[in-house]
Every structure is written in C-alpha cells, then in structure tokens.
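# Residue-level structure breakdown
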Amino acid sequence: MSLSLGIIGLPNVGKSTLFNALLKRQVALAANYPFATIDPNIGVVEVPDSRLQALVDVVKKEYGRVGDREVPEKVIPAVVKFYDIAGLVAGAHKGEGLGNQFLSHIREVDAIVHVLRDFTDENVVRAGATHPDVDKQIVETELILADLQTIEKRVQGSRKEKSDLIILDKVKSALDQGKLVNDLNLTKDETEFVSQLNLLSVKPVLYVINTDEDKLHNEAVTNSKYIYISAKLEEELAGFTDGEKTQYLEDLGIAESGLDKIIRHGYAVLGLQTYFTAGPKEVRAWTIKRGSKAPQAAGVIHTDFERGFIRAEIIGWQELTELGSWKIAKDKGKIRSEGKEYVMQDGDVVEFRFNV
C-alpha cells in the first residue's frame, strides 16, 4: 500500500508550485491564472527515511558482493502518490468552475493537503484567495455542501434500515451545522457505514500554509497546528543534492523541509507506519497500518505470504544496525520468532516464513 494525497485549495495559492517541488521536476503547469490545472497531475515521491540507508549499509557490510554484483541489487523506498488537483471556487458543488472534476478527484485520495495562501507576490493574482481562515472556510463549505447532496440522495434513493437512517441523520445534522465528517466522534460501526458513502469531508486533512520564507522562523509558525512551508523555497530545494539541501536548511535555521513535514503528518493522520525487509537482493520499506499483525504485514508483500503465514523473524532496525549484520544478530539470539498475533512495530526488520 502507498499513501495518496490530493493537493487542493483555491486557485493561485501555490498548489502546482508545491507539486513541482515535491516531484523534483517541472511536470505540472504553474500558470498565473485560475484553472491552469484541469486534469489532476499525478506523481510518485519517495518517502525520506534515513533508516533505509542504514539498512543498506548493514547489507553491504554483511554480504559485500554476490558473484559479480554489488549488493543490495535494489533499494526500494516507500512512496507517496501526490495528486495536483484543479483549484476550487465557491459554487463548486453546483459545478461552478471545474467543480465536478475537482470533487471527483478528491474521492480518489486517502487524505487532503489543503494549501492556504499567506505569501505576498503582486505578480500572482489572488483569484478569490483573501485570507487563510476565509479561504479555508470557502473550500470546506464546498466539501460539506457536496456531502449534503450525497447524503440526501442516499436517504431518498432507497429504503434503509432504521439503524442506517439514524447514522445518515446524525451525519446530515453535523453537515448542516458546518462540521466536517472527520470531526465527528463516530463509533466503529458508524465509521464502517460512513466509509461506504465516499464522502469528501470524511477525508483526513493536512492544512498547509504557503507563506513567505522569512515567516518560517516565527514562534507562532513553529508552534502552529498547521504545516507552514514556502513553496518557492521548496522549489529551490528541488534542484539541490541531499547534502546541499540539508546544509541550506541548516543555514536558514529550518529543521525540516516542507516535503518531510507533509509526508510525516500524512503518515500520522492516516495511522501508517513502516517496516523493512533487508537482504542481498533487495532492501525495501513497506507501508502498513498501525496495529497490523504480522500476517497482514506479510500480505502487503504478497497475498500468498499472508495465506501461508508460519512465523516472522524480527529485529528492530536500530538494534540490527548496531549489531552490524543479520547473522551476528541471530548468533546472539536477538532475532525474535513471532507468530500470528504479533503486532508490527514501526521500524521492524522482518523475514517472513510461509508455506502455500
């Protein structure tokens, strides 16, 4: 599984500029007029994770070369799929602007990156964006109104069980009050039912303030619940090597790039974590839900692994890197043998045993 994030917001708030920076290449049209993006641009971005390189070093040290080949043969990071979605305007739920396309594209993603404009640039027309709080309300209102249409159709479309109607009424009442569905405290059964409705405002949201570079140091910014970035700065960083990027951010007094912040928060809001497989053929990061048990994690690699699961041989990534090799860890009794009830931990390094 991989995380998919849809970048949304009013026109000209910096969505496509951010998207270009995230992909490290100019694949999206960053034009200075509304609706420059019609079809969502889609790109896959590697998840930055220093643990992956640490495990590559372990494998190199343990195996050196296999025949005439260096090891590992492949290094495969976890990935995030970003959708650059057309700018929304008031009335999108009725088809204004490119409303229908906008709303349908949001349904395809796991979570929303809602970009709000707080940068000053007289050369970029505002096209409806006035203030982050106001702009946020415009977009959220459109999501809510679209969801109300969905709920009303669902209620009218066919006869429902009484329990279903109660849930629909609860959701409709919240929407009528201007609340997003993801803000409701739904029970497990209610959540399962609502997930079938494919509502827009049920999507987890990351609020990203696109601001000026010199504002990134403000105490109010660093302590905010929002993610503050400078899309212009991110675009500059896109052309740097990893070492140059790290040094440049240090010089600016910025601890983390915008990409790292967005991906880290995306994993958090969706309850995702990473485990690793590491051997001479491949060192790879795998994305799973927090709370996944070992067979479920094995199934992410291949359904046969889950179906024929026997056990998982596991060690934490940090302990493995400190010991220096899988063989040393095994000889010292540090590799644990875990069964079907084992709950995977972030950073586990695993070899699955299975039989089909």
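Residues numbered from 1 in each chain as written. Predicted model: local features only at pLDDT ≥ 70, side-chain atom pairs only at ≥ 80, totals over all residues. Heavy atoms only, no water.

## Overview of the overall build of the protein
To be explicit about the condition: What counts as a helix is a DSSP run of H or I of at least four residues, what counts as a strand is a run of E of at least two, and both are numbered from the N terminus. Relative accessibility thresholds used throughout: buried, under 20% of the residue-type maximum; exposed, over 50%; partly exposed, between the two (1.4 Å probe, protein chains only). Contact criterion: two residues are considered in contact whenever any of their non-hydrogen atoms come within 4.5 Å of each other. Each accessible area is a Shrake-Rupley result for a 1.4 Å probe, and residues are judged covered by the shown protein chains and nothing else.
Of the regular secondary structure elements, the protein holds 14 helices and 14 strands. Here the protein, with 356 residues, has 46% of them falling under the buried criterion. If you take every contact in the protein between residues at least 6 apart in sequence, the share linking residues at least 24 apart comes to 66%. By element, 48% of the accessible surface of the protein is carried by carbon and sulfur atoms, the whole surface being about 17900 Å².

## Points about helix 5 (residues 162-176)
The α-helix winds at 3.6 residues per turn, so residues separated by three or four positions along the chain end up facing the same way. Spelled out, the test is: The span one expects for a helix is its residue count, reduced by one, times 1.5 Å. Within this analysis, the arc is defined by the directions that extend from the helix axis to the C-beta atoms.
Here helix 5 is 15 residues long and its end C-alpha atoms lie 21 Å apart, about the 21 Å a rise of 1.5 Å per residue gives. When helix 5 is considered as a whole, its buried residues turn out to be I167, L168, V171, A174 and L175. Buried residues of helix 5, viewed axially, fall in a sector of 125 degrees; they line one side. Seen from the buried face of helix 5, the exposed residues on the opposite side, beyond 90 degrees, are K162, I166 and D169. Looking one or two residues beyond helix 5, the residue adopting positive phi is G178, at roughly 80 degrees.

## Describing the environment of V115
Within the secondary structure, V115 sits in strand 7 (residues 111-118). The spatial distance from the C-alpha of V115 to the C-alpha of P11 is 10.0 Å, given a sequence separation of 104 residues. Sequence-distant contacts of V115, that is, excluding residues within four places in its chain, are made with I7, I8, G9, V13, K15, L18, V208 and N210.

## Brief notes about unusual backbone geometry
Comment: phi is negative for the bulk of residues other than glycine, and the bulk of peptide bonds are trans. Here V71 and P72 are connected by a cis peptide whose omega angle stands at -5 degrees. Position of P72 among the secondary structure elements: in the loop between strand 4 (69-70) and strand 5 (74-76). Of note, the phi angle at N12 is positive, near 65 degrees, even though the residue is not glycine. With respect to the element layout, N12 can be found in the loop between strand 1 (3-8) and helix 1 (15-23).

## Things to note about the confidence of the model for the protein
Parts of the model with low pLDDT should not have their predicted coordinates read in detail. Threshold: Note on scores: pLDDT gives the predictor's confidence for each residue, bounded by 0 and 100.
The share of residues in the protein with pLDDT of 70 or more is 85%, and the mean pLDDT across the chain is 85. Under a pLDDT of 50 for its full length, residues 25-38 has, in the predicted model, 39 contacts with residues more than four places off or in other chains.

## Here we look at the pattern of salt bridges
In a structure, side chains of opposite charge can pair up when their charged atoms sit close to one another. Keep this limit in mind: For this document, the term salt bridge refers to a Lys or Arg side-chain nitrogen within 4 Å of an Asp or Glu carboxyl oxygen.
The tally for this structure, following the rule as stated, stands at 17 salt bridges. Salt-bridge contacts for K136 lead to E140; the nearest nitrogen and oxygen are separated by 3.5 Å. Of this pair, K136 and E140 are both found in helix 4 (residues 132-157), four residues apart, which corresponds to roughly one turn of the helix. Residue K136 shares its accessibility class with E140, and that shared class is buried. Within the structure, one salt-bridge network assembled from shared partners comprises R311, E313, K330, E351 and R353.

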